[in-house]
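Survey of secondary and tertiary structure
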Amino acid sequence: MIVNYLITALRAFKQQKQHFILNVLGLSVGLAAAILVALFAKNELSYDSQQPQAERVYRIAQDYSQLGLGVVPVFNYINGTRALEYSQVEEVFALTMVEFTREAEVDVTVKNQGFKLNDLYGATANIENFIDMETVAGSLSRAMSVPNSIALSSSEAQRIFGRTNVVGETLQHKNGQYTVGAVFTDLPENTHFGFKNLVSVEHDPANTDITSSYVYLRLAPQTDVTALEKTLTEKYYFGDFKGRLSLQLHPLTDLHFTAKSPFEMKVGGAKQVVMICVGLSVLLILIAGFNFINMTVAQSTKRAKEVGVRKALGASKSQLVAQFLSESVLVSLLAMTIACVLVELLLPSFNNLVGRELSIDYASMFSVVVVAVAVTVGLLAGLYPAFFISSFSAKRVLSGDLQRGSTAIWVRKSLLTVQAALAVGLIIASVTLQYQLAHLQNLPLGYETTQRLVVSEVPVKAAFTKAPTSLVKQFAAIEGVEHISVIDTQLTRSINNTLVPTWPNGEQSQSLTPVIGTSYEVVKGLGLTLLAGRDFSREFAGDWSNRVNGVTTIGTIITESVAKQAGYSNVADIIGKTIKDTGRNVEMRVVGVVADVKVGNAQEASSNIMFLLGFTYFNPTSEVILTINPQYLAQIRQDVISVLAKTANVYEPEINLLSDSYRAVLSGDERISKVVLIFTALAVFLTCLGTFGLASFATVRRQKEVAVRKVLGASRLSIVNILAKEFLTLVGVSIAIAYPITYWLVGDWLANFNDRIEQMMWVYGAAALVVAGITWLTVATLAFKAASTRPSLILRYE
């Protein structure tokens, strides 16, 4: 029986080549998209699930939302260890940002050759209890317990020494040396941990102020996490901050999606991207399935006599259903095979699109799932056609009295309407997304990004000084460098330091105000817009930070938002006034007001910023911003690298154009945009494919009508319009369905942005015209061919 089904299926495929090709093509494209997305989703959802007892590990974060800032993922390690007083906390582990605190040196030499230790963090000795790591050589726990000991990843050991068996080797730095105590394999991609080198760091038990560590807690089973958050918040935050600051415990396995702070070790993923990809791939499979159902039902008249003969010969309905289902499953399996070929061809490009290194293992359970999905799609897509065709009456079919019921027509029209509605909605969403992304990219930042070359992580003492250092002088002497500014903040990342200002009228602010330490001429160097007052200038030496009798006096340039918060609607009126930081005994005299500046991601950053001349809170490194002539860019890079190595012992520095760094901030939104564009194009393609198939069958069914109309004098265009009318009517219904649903969904998505565009009505009209136009052209192409056929070739058989 199975062999008979197979032979019958192959015979049907041969007789209905167009129907077969369209079905295979549609299903293979839909399945290929689904497989790619499944690989991506599987990878994203697997982050940190491999860590020991991952479901019970939480990271401490500080919530500054009520003070005008976001959630910061760092905490003080000593305070973190005090959480062990509570029975719910079993163990504490910490990774410390040594590059930020300079608790360790990142620039080293080996045999007089300089290297930078990439992604260097301090770790506590119990690291292997929290992170699944394989040690190649040495002892990781011992290395993290011994002063001046370091553990290298395999790739870093290979880069620096040219081999991995390097335990006992030394790396020299300006304050001494590191001894390699262990080598570990590189971390897998699917983890939020982002270190490549680990060093032993001593934590001062008396220092409970600096928060530079990622602190992780392993909690006892069945712990009430919310209650513990409240308990820890009450323990650490009291006095002025009581009720305004809080601690949060974030599950380890959720950090990849939920952790969005600029201080993360790695850029996290976006659950939104995964959901969009999954949703669109499901839509593609649905559209491909709709095409399958529509074209199979449309072809039913060509299989009617076969069904009648089989029933007359004693075939039961269940046997016929099994036959037609086996045909649909066979088509689906063939489409799956082609889809796998497409996946292999497209995977490199898809990896580049989503920023991952995905691969498919055909010997794994994943392949079983793919086959199961393909069979399920085949069964579901073939279910209605199988029951529909097998229900034909043998007597009526063999007597030539076959009238397809209204149910089949209703199903065909409904599915085509849904397809067109999906196409309209996706086009609207795609165009709106493009405009929203362009809007974010063009938001006024308040500073210039063009012709600015940023040299990151330069030691403060090498550049952030009142008198130009040797390093700054040598930078200034490089051909093509037009101006030099020094600040203590990465403009495209986030502000590191804040204060609670007391305004000139004596009122204390209810929120934290971000501060940026700068050198002279910051307005000129960053391209700020000066609204009142002046720039920092060497002509006013008293502006530079100076501490006398326990009070620090500083010149400050503030943004327009700060001036208004201080109560000055006319920003010029605050010039010469003093803003105080009473907690640190700092007095800041306002010398200038500039237009608002957005640091970090422009769609989330606040604009109330104070620039402090010659003053930085705890920052061990600075950012040197060079205003350059772009034609000298390549040579300037080389000269900067050489100067840093010779003058400051800084090796392999991070040097980027400010415009490139800001563009990288929006890379996640660009990724979503590209994904939506690609899947939208595929959805429209599959919709056109289905329309083409149905239009071709409709044209053949009505070819006698076309011949008669032509004999009676109808023009080709009128015949084309008559045949296209049915499809355009369905498109009209689909537009009426798509508009309100799309408007609601797109509006809900736009609400996630602080700065957003309004929905554009012309996009809705354009989407409708595009779908209607493509539908008309698809139908018209076939109808025009039918209208061009001589009537005698059709009517002579009657």
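The notes below deal with the structure included here. Bear in mind that the values here come from a model prediction, so they are computed numbers and not experimental data.

Turning our eyes to something else, we now look at the overall build of the protein. Each helix and strand counted, the protein has 25 helices and 25 strands in total. Sorting the 798 residues of the protein into buried and exposed places 53% on the buried side. Of the contacts formed within the protein by residues at least 6 apart in sequence, a portion of 80% connects residues at least 24 apart. Counting every atom, the protein has about 35500 Å² of accessible surface; 56% of that belongs to carbon and sulfur.

The next subject is the pattern of salt bridges. Under the counting rule described, the total for this entry stands at 13 salt bridges. For Glu-91, the salt bridge goes to Arg-218, with nearest N and O atoms at 3.2 Å. Taken together, the residues Glu-91 in strand β3 (residues 89-96) and Arg-218 in strand β12 (residues 213-219) connect sequence positions 127 residues apart. For Arg-218, a relative accessible area of 3% translates into the label buried. Of the charged contacts, one joins Lys-116 and Glu-457 as a salt bridge, the two residues approaching to 3.0 Å between their closest N and O atoms. Here Lys-116, found in strand β5 (residues 113-116), pairs with Glu-457, found in strand β14 (residues 452-459); they are 341 residues apart in sequence, far enough to count as distant. Judged by its relative accessible area of 10%, Lys-116 is buried. What makes Glu-457 buried here is its relative accessible area of 18%.

This paragraph deals with the side chain of Asp-488. Within the secondary structure, Asp-488 is located in the loop between β15 (481-487) and β16 (497-499). Notably, Asp-488 is buried but unbridged: the nearest opposite-charge side chain belongs to Arg-584, and the N-O separation is 11 Å. There is a polar contact of 2.9 Å between the side chain of Asp-488 and the backbone nitrogen of Gly-517. There is a polar contact of 2.7 Å between the side chain of Asp-488 and the side chain of Thr-616. Non-local contacts of Asp-488, meaning those with residues more than four positions away in its chain, are made with Phe-464, Asn-496, Asn-497, Ile-516, Gly-517, Phe-615, Thr-616, Tyr-617, Asn-619, Thr-621 and Ser-622.

With that out of the way, let us pick up the side chain of Gln-759. Relative to the assigned elements, Gln-759 resides in the loop between α23 (716-750) and α24 (761-787). Relative accessible area serves as the criterion here: at 16%, Gln-759 is assigned to the buried category. Engagement of the side chain of Gln-759 in a polar contact is seen with the backbone oxygen of Tyr-743, the distance being 2.9 Å. Among the polar contacts made by the side chain of Gln-759, one reaches the side chain of Tyr-764 at a distance of 2.4 Å. Aside from chain neighbours lying at most four places away, what touches Gln-759 is Tyr-743, Val-746, Gly-747, Leu-750 and Tyr-764.

Another point: the nonpolar core. Counting residues in hydrophobic clusters, the biggest one holds 101 residues, and the most contacted among them are Ile-35, Tyr-447, Leu-491, Leu-526 and Phe-611. Here this core takes 15 residues from helix α2 (residues 17-45), the largest share from any one element. In this structure Tyr-447 touches Leu-491, Thr-492, Leu-526, Gly-527, Leu-528, Val-597, Lys-598, Leu-658 and Tyr-662, once residues within four positions along its chain are discounted. Counting 33 residues, the second-largest nonpolar core is a separate cluster that includes Phe-130, Met-133, Leu-198 and Tyr-214.

Glancing now at the environment of Thr-231. Residue placement: Thr-231 occurs in helix α7 (residues 225-236). Of the residues examined, Thr-231 reaches a relative accessible area of 29% and is grouped as partly exposed. Between the C-alpha atom of Thr-231 and that of Tyr-86, which follows or precedes it by 145 residues, the distance is 9.5 Å.

Next up on the list: unusual backbone geometry. We note that Glu-521 has phi near 55°; this positive angle belongs to a residue other than glycine. Checked against the element boundaries, Glu-521 lands in the loop between β17 (513-518) and α17 (522-526). With phi around 50°, Glu-652 is a residue other than glycine that occupies positive phi space. With respect to the helices and strands, the residue Glu-652 is situated in the loop between α19 (633-648) and β25 (655-657).

Of all eight residues in β3, six are buried, a share of seventy percent or more. For β3 and strand β6 (residues 120-123), the ladder comprises two bridges, and the chain directions are antiparallel. Looking at the pairing, Thr-96 lines up with Gly-122 of β6.

Here the focus is the packing of aromatic side chains. Tallying each qualifying case throughout the model produces twelve aromatic pairs. Look at Phe-93 and Phe-130: their rings are 5.3 Å apart centre to centre, the planes differ by 20°, and that puts the pair in the stacked class. Highlighted residues: Phe-93 in strand β3 and Phe-130 in the loop between β6 and β7 (135-138), separated in sequence by 37 residues. With relative accessibility at 0%, the residue Phe-93 sits in the buried group.

Each value, and the rule that gives it
Residues numbered from 1 in each chain as written. Predicted model: local features only at pLDDT ≥ 70, side-chain atom pairs only at ≥ 80, totals over all residues. Heavy atoms only, no water. Helix = DSSP H or I, 4+ residues; strand = E, 2+ residues; numbered from the N terminus. Buried < 20%, exposed > 50% of the residue type's maximum accessible area, 1.4 Å probe, protein only. Contact = heavy atoms within 4.5 Å. Areas by Shrake-Rupley, 256 points an atom, 1.4 Å probe, with all protein chains shown as cover. Salt bridge = Lys/Arg side-chain N within 4 Å of Asp/Glu carboxyl O. Lys, Arg positive; Asp, Glu negative; His and termini not counted. Polar contact = N/O pair within 3.5 Å; in protein donor to acceptor, adjacent residues only side chain to side chain. Core = buried A, V, L, I, M, F, W, Y, C linked by side-chain atoms within 4.5 Å. Pairing = 2+ DSSP bridges. Phe/Tyr/Trp six-rings, centres within 6.5 Å; stacked < 30°, edge-to-face > 60°.

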